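Geometric and topological summary
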Amino acid sequence: MHERKPVRVLLCAAAAIVALVAGTTHAQPPAGKRGTPIPAKIGVISILSGAGAAYGEAITNGFKLARDEINAKGDLRVELIIEDSSGKQEQALAAGQKLINSDRVTAILGPTLSTEMKVVGPEADASGVPIMGTSNTAQGIPQIGKYVFRNSIPESQAIPASIGKAVKKYNLRKVALLYGNDDVFTKSGFDTMKEVSEKMKLSVLAEETFQKGQADYKAQLTKIKSLSPDAIFCSALYEEGAVILSQARKMGIGVPFVGGNGFNSPKVIEIAKEAADGLIVATPWFGDKDDPKVKAFVAKYSKAYGKKPDQFAAQAYDGLYVLAEAFRRAGKPDRDAVRDALAGIRDYDGVLGRFSFTEEGDVSMEPNVLVVRGGKFQLFQ
């Protein structure tokens, strides 16, 4: 009997090893470790049809390029569920509700317009879903709630920079304000323009308004021309803004235009052509910047989509990378964990430059001031 004991011991040890190996083989490793990517199910609300679709096209292209690059690295598995808002509040809200309740996304990117975020943001915040705008610049967006963020420079940071440089360059003293009064974004831009004008002790000769989709601005421009301002500060989306520039130049108004964030699109130059020359804007994005990251992004985007990226594409691209970093830090697809990780991001080095979130979830970074010369945006010196 004693001679058989070592055999039993060996058999027991072998069985233990087999069980251990089997348990190791079938056990589910923690997300993001041992080659298992963290699932990142992300909703996107963007304008894909109707007025403003050029914004949405650039934004979704930026998201898709970033998604493909992130997924290729293997530590995350990003899935984008893209919904079209058509630039309408009710459609954006319905899209948000679907993503939150039916698709059960962990986070949302978008919507495109600040007007849309005013209704979608509260819904996401109440549902505990982190949401980040990559193109919202109106005042008060991050203040909607602790789950609401943005990586787009607000008008309150961009407009003072562009007006400040224009005043210094052209010695401006008297200005006219022109803005869309039926949109949260354009109205917010006007409010900032007026506030900055007053702080800089500029004489505001006129405050003229228009509405989205308007085609004729001759009445407003005729009044402005009669007052002989040194410059026109205009808050508009690109479609209206380009037409305003065209009509102003045809009427002989040659003074500089300082535009709000809606003018930061190549579409303005495409529509207004040479009439866009002299337009001054502030933006976090400058595609001709001598930076390896910028050059690489421009090359990859141009190859993928047959055109150079604009500000909205760049903000979207960086935005998804920032959200991906939050998923990595969270280590799991949990809404609260991703929200907390997102809030803690500081000094992210992207194609836009060095970016951080403030305590309120707003963006902290320096804008570039650009001017249109010879059919393209250039640094305004």
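For the structure, check the block above.
Scope of this entry: the structure provided in the associated data block. Note that this is a predicted model, so its numbers are computed, not measured.

Calculation notes
Residues numbered from 1 in each chain as written. Predicted model: local features only at pLDDT ≥ 70, side-chain atom pairs only at ≥ 80, totals over all residues. Heavy atoms only, no water. Pairing = 2+ DSSP bridges. Helix = DSSP H or I, 4+ residues; strand = E, 2+ residues; numbered from the N terminus. Axes fitted to C-alpha atoms, helices over the stretch in contact; angles between N-to-C directions. Contact = heavy atoms within 4.5 Å. Parallel < 35°, antiparallel > 145°, perpendicular 65-115°, else oblique. Left-handed = near helix turned anticlockwise from the far one by under 90°. Nonpolar A, V, L, I, M, F, W, Y, C, P; charged D, E, K, R; others polar. Buried < 20%, exposed > 50% of the residue type's maximum accessible area, 1.4 Å probe, protein only.

1. Focus on the sheet that holds strand 6 (residues 174-180)
The seven strands are arranged 7-6-8-9-10-14-15 in an open sheet whose pairing can be described as mixed. The open sheet has two edge strands with one neighbour each: strand 7 (203-210) and strand 15 (376-379). With direction set aside, neighbouring strand axes in the sheet form an average angle of 25°. As paired elements, strand 6 and strand 8 (residues 231-235) share five bridges and run parallel to each other. Bridged to Tyr179 within strand 8 is Ser235. Against the sheet, helix 5 (residues 155-170) engages strand 8, strand 9 (257-259), strand 10 (279-283) and strand 14 (368-373), with an angle of about 140° to strand 10.

2. Details of the packing of helix 3 (residues 89-102) against helix 4 (residues 114-127)
Remark: helix 3 packs on helix 4, axes separated minimally by 8 Å, with the N-to-C direction vectors making an angle of 25°. Considered as vectors, helix 3 and helix 4 are oriented roughly parallel to each other. In the crossing of helix 3 with helix 4, the sense of the turn from one axis to the other is right-handed. Facing helix 3, whose interface residues are Gln89, Ala92, Leu93, Gly96, Gln97 and Ile100, helix 4 presents Thr115, Glu116, Val119, Val120, Glu123, Ala124 and Ser127. Class assignment of the residues belonging to the contact of helix 3 with helix 4 gives a composition of six nonpolar, five polar and two charged.

3. Some remarks on unusual backbone geometry
Here the residue pair Gly110 and Pro111 is connected by a cis peptide bond, since its omega of 0° sits within 30 degrees of zero. Within the secondary structure, Pro111 is located in the loop between strand 3 (107-109) and helix 4. The phi dihedral of Ser228 falls on the positive side, at around 50°, and the residue is not glycine. With respect to the secondary-structure elements, Ser228 resides in the loop between helix 7 (218-226) and strand 8. On the basis of relative accessible area, Ser228 is assigned to the partly exposed category, the value being 43%.

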